[in-house]
Amino acid sequence: MSDESQELGITESKSHKPGEWYAEVVQKAGLADYAPMGGFIVTKPRGYALWEQIQDALDGWFKETGVDNVYFPMFIPESFLEREKDIVEGFDPEVAWVTQGGHDELEERLAVRPTSESIIAPFMADWTRSHRDLPLRLNQWCSVVRWEATETKPFFRTKEFMWQEGHTAHATNEEAWEEVWTRLGQYERVYEDVLAIPVLRGKKPEHDKFPGADTTTTVEALMPDGKSVQGGTSHHLGQSFAEAFDITYVDEDEEERTAYTTSWGLSWRALGALVMTHSDDQGLVLPPTIAPTQVVIVPIWQEDTKEDVLEYSESIADDLEAAGFRVELDDRDERNPGFKFNEHELNGVPLRLEIGPYEVDDAEVTLVHRPDNEESVEDREEIVDTVDDHLETIYEKLYDTAAENLENNIREADSPEEIMGTIGKHGGYVKVPWCGDPACEEAIKEKVSAEIVMQPLEDQGGTTAGAPKAPDDEDATCAVCGEPADQLAYFAKSY
Ligand SMILES: [Zn+2]
């Protein structure tokens, strides 16, 4: 038994070696494995179950807000990809190509989709005839391939990754903006309400936006190791894709007009952020909102008490299941309670109920919280309400810890030395006034590999939609070059 327990446990430390620790948690908690080809992973049942929880939440919200699901081919003819020049230039270094089918060389190369604007937009053009066809809102759940030559990090960096990509067309610029904010808001909600991770909402700097986009908006999450994760992006594509692919419509006045389009995506990187944010040196920690098993019941018996303990445990499991909780009764004979505790801890089950002969005699239940091992004894009678309260408390503990990490790690700086020193010492975000010149970002990036990950937004409507927020001080100067600064920028290292 002792050998097995050791194999079960996490050996790396989150605070000392976050990279190694992360890889170990992902594998030992049964989320993913490495595929035989570098850059690819195998998603295991427990990992996929988490992805399905995210899918269920988002997919429901999409459908409530007018989105239909579709599926397009994973291959895009080269000539299609070339129709929007920014897409070609932006993705060219990362595109995987199919040049042969069976034994025959293909007449035209096929790109494995790095993103699907180029194959979806021509059909959106076909399907959009009149103003009555708009808005058109499509989404697909699929994987895309970006052939980056970086080290594999499950869910954070893989050549193929799962995501959803939404593509919409609208009659007016204002409606397109509204769409951008709706989707960004839904991404924010997934992070905050499902993953228990607070995020910052803003835009990417001009030079870092999605190829061909007018504006790329983003939600950013700060990891405990001080690096930022781009949590999901929602792009206002203006009219560039509509022009390249002829997405036009006949308006009420019989005039032909060009549509405005958006696209938005959230990938399984959200799972990486989830693991990184809450988990610890005992293994995975999951908020109850996403945990495939929310409650595990571990009965503790001797031969003479087994029947009573199991019967009592089963009745509690039945009550909880009937109330809609995802509950598991771990009545395996071949494992002792200590082994079971460790295993469910490693797998991140948020709440453990321990039931032995004393609990049976006193009509009580012992509850243990996964994040901090807080233990309490409660009455059997109110078990459904009690479990509900405890799961809520566990969610709050996780959210509050993450919120505190975010709050404590936004600092200000007014010189390049201070930006670099602060990031080197603390990580986190450094908020600075910025002149808008990419050269000023480059100067920092070269030295400490931190970049501008986000710019807070001025507001979300009217003529300044998507404009970066200005510094409070009208005479603010760029923290890097000292020229007048009309916008704020957040520097950070990122995943
Ligand atoms: Zn500057």
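Residues numbered from 1 in each chain as written. Predicted model: local features only at pLDDT ≥ 70, side-chain atom pairs only at ≥ 80, totals over all residues. Heavy atoms only, no water.

In the nomenclature of an unreviewed UniProt entry, the protein chain corresponds to Proline--tRNA ligase from the organism Natrialba swarupiae. The record held by UniProt for the protein chain lists under Sequence similarities (unreviewed entry) the comment "Belongs to the class-II aminoacyl-tRNA synthetase family. ProS type 3 subfamily." According to the UniProt record, the Subcellular location (unreviewed entry) comment for the protein chain reads "Cytoplasm". (UniProt positions renumbered as here; feature names shortened; annotations may be inferred.)

Chemist: Looking at this model, I keep getting lost on the packing of helix H2 (residues 18-28) against helix H9 (residues 269-278). Mind explaining?
Modeler: Helices that pack against each other are described as a pair by the angle of their axes relative to one another and the distance between those axes. It is at 11 Å that the axes of H2 and H9 come closest, and there the two elements cross at 110 degrees. Taken as axis vectors, H2 and H9 run roughly perpendicular relative to one another. In this structure, H2 crosses over H9, and the sense of that crossing is right-handed. Side by side, H2 and H9 meet where Pro18, Trp21, Tyr22, Val25 and Val26 of the first sit next to Gly272, Val275 and Met276 of the second. Taken together, the residues that form the contact of H2 with H9 break down as 7 nonpolar, 1 polar and no charged. (Axes fitted to C-alpha atoms, helices over the stretch in contact; angles between N-to-C directions. Helix = DSSP H or I, 4+ residues; strand = E, 2+ residues; numbered from the N terminus. Parallel < 35°, antiparallel > 145°, perpendicular 65-115°, else oblique. Left-handed = near helix turned anticlockwise from the far one by under 90°. Contact = heavy atoms within 4.5 Å. Nonpolar A, V, L, I, M, F, W, Y, C, P; charged D, E, K, R; others polar.)

Chemist: Sorry, what's going on with the pattern of salt bridges here?
Modeler: Two side chains bearing opposite charge may form a pair once their charged atoms approach each other closely. Tallied over the full model, the rule gives 26 salt bridges. For arginine 183, the salt bridge identified is with glutamate 179, shortest N-O distance 2.8 Å. Here the residue arginine 183 and the residue glutamate 179 both occupy positions in helix H7 (residues 173-194), the gap between them amounting to 4 residues, near one helical turn. The class for arginine 183 is buried, based on a relative accessible area of 0%. One connected set of salt bridges, linked through shared partners, spans Asp330, Arg332, Lys340 and Glu343. (Salt bridge = Lys/Arg side-chain N within 4 Å of Asp/Glu carboxyl O. Buried < 20%, exposed > 50% of the residue type's maximum accessible area, 1.4 Å probe, protein only.)

Chemist: How should the coordination of the zinc ion be read in this particular structure?
Modeler: Looking at the metal site, the zinc ion is ligated by Cys435 (SG), Cys440 (SG), Cys478 (SG) and Cys481 (SG), spaced 2.3 to 2.4 Å from it. In this structure, the zinc ion is surrounded by 4 donor atoms whose angles at the metal cover 104 to 118 degrees, and the resulting shape is tetrahedral. Counting the intervening residues between successive donors of the zinc ion yields the motif C-x4-C-x37-C-x2-C. With cysteine 435 in the loop between strand S21 (429-434) and helix H15 (438-448) and cysteine 478 in the loop between strand S22 (451-454) and strand S23 (487-492), the pair connects residues that are 43 residues apart, well separated along the chain. (Donors = N, O, S within 2.8 Å, 3.2 Å for Na, K, Ca; no water. Tetrahedral: all angles 85-135°; square planar, octahedral: opposite > 155°, others 65-115°.)

Chemist: Whenever I open this one, the domain arrangement of the protein chain confuses me. Can you help?
Modeler: Note: interface size is frequently given as the accessible area lost on complex formation between the parts. By domain assignment, the protein chain separates into domain 1 (3-278), domain 2 (295-399) and domain 3 (410-493). Here domain 1 and domain 2 have C-alpha centroids that lie 38 Å from each other. Between domain 1 and domain 2 the total buried area reaches about 1,100 Å² when both faces are included, carbon and sulfur atoms providing 59% of it. At the boundary of domain 1 with domain 2, the tally comes to 0 salt bridges. Where domain 1 touches domain 2, the interface holds 3 residue pairs in polar contact (both at pLDDT 80 or more). Secondary structure elements with two or more residues in the side of domain 1 that touches domain 2: helix H1 (2-8), helix H3 (45-64) and H7. Grouping the constituent residues of the side of domain 1 that touches domain 2 by class yields 6 nonpolar, 2 polar and 5 charged. (Domains from an automatic or database assignment. Buried area = accessible area lost by both parts, 1.4 Å probe. Polar contact = N/O pair within 3.5 Å; in protein donor to acceptor, adjacent residues only side chain to side chain.)

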